[in-house]
Amino acid sequence: SLFGLRTAVFAALTLSALHFHIHFSRIGLNNVWDGLWYTIAIGALCIGWEFNKRWAYLLAGLALGFAQYFYVSSRGLIGIVLAGIFLAFLFQRKRLKEALPDILLMFIVTILVVMPLAWFYIRQPNQFLAPMARVSFLKVIDQMMATSGDPAWKILAKQIGIGLQAYTVIPVRFWYNPETPILRPIFAVFFYLGLVILLWKYRDSRLVFLALWLTAFGVIAGFSESA
């Protein structure tokens, strides 16, 4: 819908042979659902914005709500949507005003879907932070500061840098150790060409959401126990 059939076919063929996707799509973990929910929510929101389709906003709201019942990094999806709306307020205010009723409807759907989970967290507030506390590098920050001699902010910056470099530079490790980054060299070239296009057409809403998505996962990885 957004980039045409040729791009879709090429992306699907690439994904079918991507080692990272093959590995994690076959593991029975709740965090693998992020790939589905992020794709549906961001894709539907882009379609709603580009083509003024109310059904797409409703679908985005459903995906945004259901995503919260799975892995903790799905909360980053809310941040991506809010960041996209904020950028639209800065650069496409007239278009945002036209889409505002559908966006409000999207959030109403999200709230209705999330309401049972929100009520649980209200009654059990410690459970809201528990998943993040289990996998966050903050639980070992004191040890890392003592070992490296660096302040916390510098360690965090290094962690986020590692998370962003995992796309093309630093080999993935810890739970999955393929001795290669997520993208092999030939696809890393396409990745960097894509980044150039993102910067060149920075006001294109389709590309803005892709940039926010890539950045969000780099930052999330940076906050993880093993970036």
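Residues numbered from 1 in each chain as written. Predicted model: local features only at pLDDT ≥ 70, side-chain atom pairs only at ≥ 80, totals over all residues. Heavy atoms only, no water.

**Here's the deal with the layout of surface pockets**
No. 1: What the second largest pocket holds in volume is close to 490 Å³.
No. 2: Along the walls of the second largest pocket sit 31 residues, with Leu87, Leu207, Val208, Phe209 and Ala211 positioned nearest its centre.
No. 3: Mapped by element, the contributors of at least two residues to the lining of the second largest pocket are helix 3 (34–51), helix 5 (75–91), helix 6 (93–123), helix 9 (152–165), helix 10 (185–200) and helix 11 (205–223).
No. 4: In terms of residue count, the dominant contributor to the lining of the second largest pocket is helix 11 (8 residues).
No. 5: Classifying every residue of the lining of the second largest pocket gives 24 nonpolar, 6 polar and 1 charged. (1 Å grid on protein atoms, 1.4 Å probe; cavity = no way out; pocket = protein on both sides within 12 Å on 5 of 7 lines; lining within 4 Å. Points joined across faces, edges and corners; volume = space filled by probe spheres on them. Helix = DSSP H or I, 4+ residues; strand = E, 2+ residues; numbered from the N terminus. Nonpolar A, V, L, I, M, F, W, Y, C, P; charged D, E, K, R; others polar.)

**Here's the deal with the packing of aromatic side chains**
No. 1: All chains considered together, the criterion is met by 13 aromatic pairs.
No. 2: Each ring, one from Phe20 and one from Phe24, has its centre 4.9 Å from the other, and the planes form 55 degrees; the classification is tilted. Of the two residues, Phe20 and Phe24 both sit in helix 2 (residues 19–24), 4 residues apart, roughly one turn of that helix.
No. 3: On the numbers, 5.7 Å between centres and 75 degrees between planes, the contact of Phe191 with Tyr192 is edge-to-face.
No. 4: For Tyr192, a relative accessible area of 39% gives the class partly exposed.
No. 5: Grouped by ring-pair contacts, the aromatic residues Trp33, Trp37, Phe66 and Phe70 constitute a single cluster.
No. 6: Over the ring of Trp49 we find Arg95, and its NZ or CZ is 4.7 Å from the ring centre. (Phe/Tyr/Trp six-rings, centres within 6.5 Å; stacked < 30°, edge-to-face > 60°. Buried < 20%, exposed > 50% of the residue type's maximum accessible area, 1.4 Å probe, protein only. Lys NZ or Arg CZ within 6 Å of the ring centre and 35° of its normal.)

**Let's talk about the confidence of the model for the protein**
No. 1: Of all residues in the protein, 100% attain a pLDDT of 70 or more, and the chain-wide mean is 88.
No. 2: For the protein, the element scoring lowest by mean pLDDT is helix 7 (residues 125–135), at 76; helix 4 (residues 54–67) scores highest, at 97. (pLDDT = per-residue confidence, 0-100.)

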